[in-house]
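Breakdown of the fold
Listed below, chain by chain, are the residues.
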Amino acid sequence: NVFERFQPKIPPSFQDSEFVFLANASPVTQLSVLDQVRKPRFVMADSMDLWIRTANQGLLDLLRRIDGLVINDDEALLLTGERSIIRAGKAILAMGPSRVVVKKGEHGAILFTSEGASPLPAYPVEDLKDPTGAGDSFAGGLMGSLALRGRTDPEAFRTALAIATVTASFTVEDFGVRRLLDLRKDEVDGRLRRYASML
């Protein structure tokens, strides 16, 4: 019920943002945020089963206006009515976004584009404590990387997905955001190098 009557107002200093992430909320709320941004270069959104069930038409309207969607595997199947993740990813592409990232938890993620499907494994975490926030930190790592580079080409997007995966791998090592609070850049860079060497 937190978002039931939530009407976010984007401060003027953020209305010219080029990279916009519409975090999980009602599609009506997400669209209202998008309408407040002047000329975004790349817009990505998150959603969940609640909105697929209760605000399906609004979600379909949103999908026609965004560049990318981050969604988990169960939600992708629910949204499309498909029984295969590969078919679901392709079906979501046909709904509007040019990039769809289907998260599969400890099994990684799959990127869908018009060129096909690209699976990406999860980083092998030895000391899993709490998965809460892993999806949010994944999205933050992805969008942060794209915004930092100012690019969304396939190479930049794959790099951003690797950074997203590594970011989420730190998150699950402690409760909530605790692990991220003292995370150092050299730790991220080191894990990213190890991850790249595995692929």
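Reading the values: the criteria
- Residues numbered from 1 in each chain as written.
- Predicted model: local features only at pLDDT ≥ 70, side-chain atom pairs only at ≥ 80, totals over all residues.
- Heavy atoms only, no water.
- Buried < 20%, exposed > 50% of the residue type's maximum accessible area, 1.4 Å probe, protein only.
- Helix = DSSP H or I, 4+ residues; strand = E, 2+ residues; numbered from the N terminus.
- Pairing = 2+ DSSP bridges.
- Arc of directions from axis to C-beta.
- Contact = heavy atoms within 4.5 Å.
- Polar contact = N/O pair within 3.5 Å; in protein donor to acceptor, adjacent residues only side chain to side chain.
- Phe/Tyr/Trp six-rings, centres within 6.5 Å; stacked < 30°, edge-to-face > 60°.
- Lys NZ or Arg CZ within 6 Å of the ring centre and 35° of its normal.

Looking now at the pairing of strand E4 (residues 99-103). Burial runs high along E4: five of the five residues are buried. Two elements, strand E3 (residues 68-72) and E4, share five bridges in a ladder whose sense is parallel. Counterpart to Leu-69 in the pairing with E4 is Val-100. The sheet contact formed by E4 and strand E5 (residues 109-113) spans four bridges and is antiparallel.

Here we come to helix H5 (residues 85-94). Here H5 has its buried residues at Ile-85, Ala-88, Gly-89, Ile-92 and Leu-93. All buried residues of H5 lie within an arc of 140° about the axis, which places them on one face of the element. Across H5 from its buried face, at more than 90 degrees, point the exposed residues Arg-87, Lys-90 and Ala-94. Looking at the buried side of H5, the elements it contacts are E3, helix H4 (73-80), E4 and E5. Capping the start of H5 is the job of one residue whose side-chain oxygen sits 3.2 Å from the backbone nitrogen of Ile-86: Ser-84. At the C-terminal side of H5, Gly-96 shows a positive phi close to 145°.

Counted according to the given criterion, the structure contains two aromatic pairs. Where Tyr-123 meets Tyr-195, the ring centres are 6.1 Å apart and the plane angle is 50°; that geometry is what we call tilted. Taken as a pair, Tyr-123 in the loop between strand E6 (116-120) and helix H6 (134-149) and Tyr-195 in helix H9 (residues 185-198) lie far apart in primary sequence, 72 residues in all. A single burial state applies to Tyr-123 and to Tyr-195, both of which are buried. Stacked on the ring of Phe-157, the Lys or Arg Arg-99 has its end atom at 4.6 Å from the ring centre.

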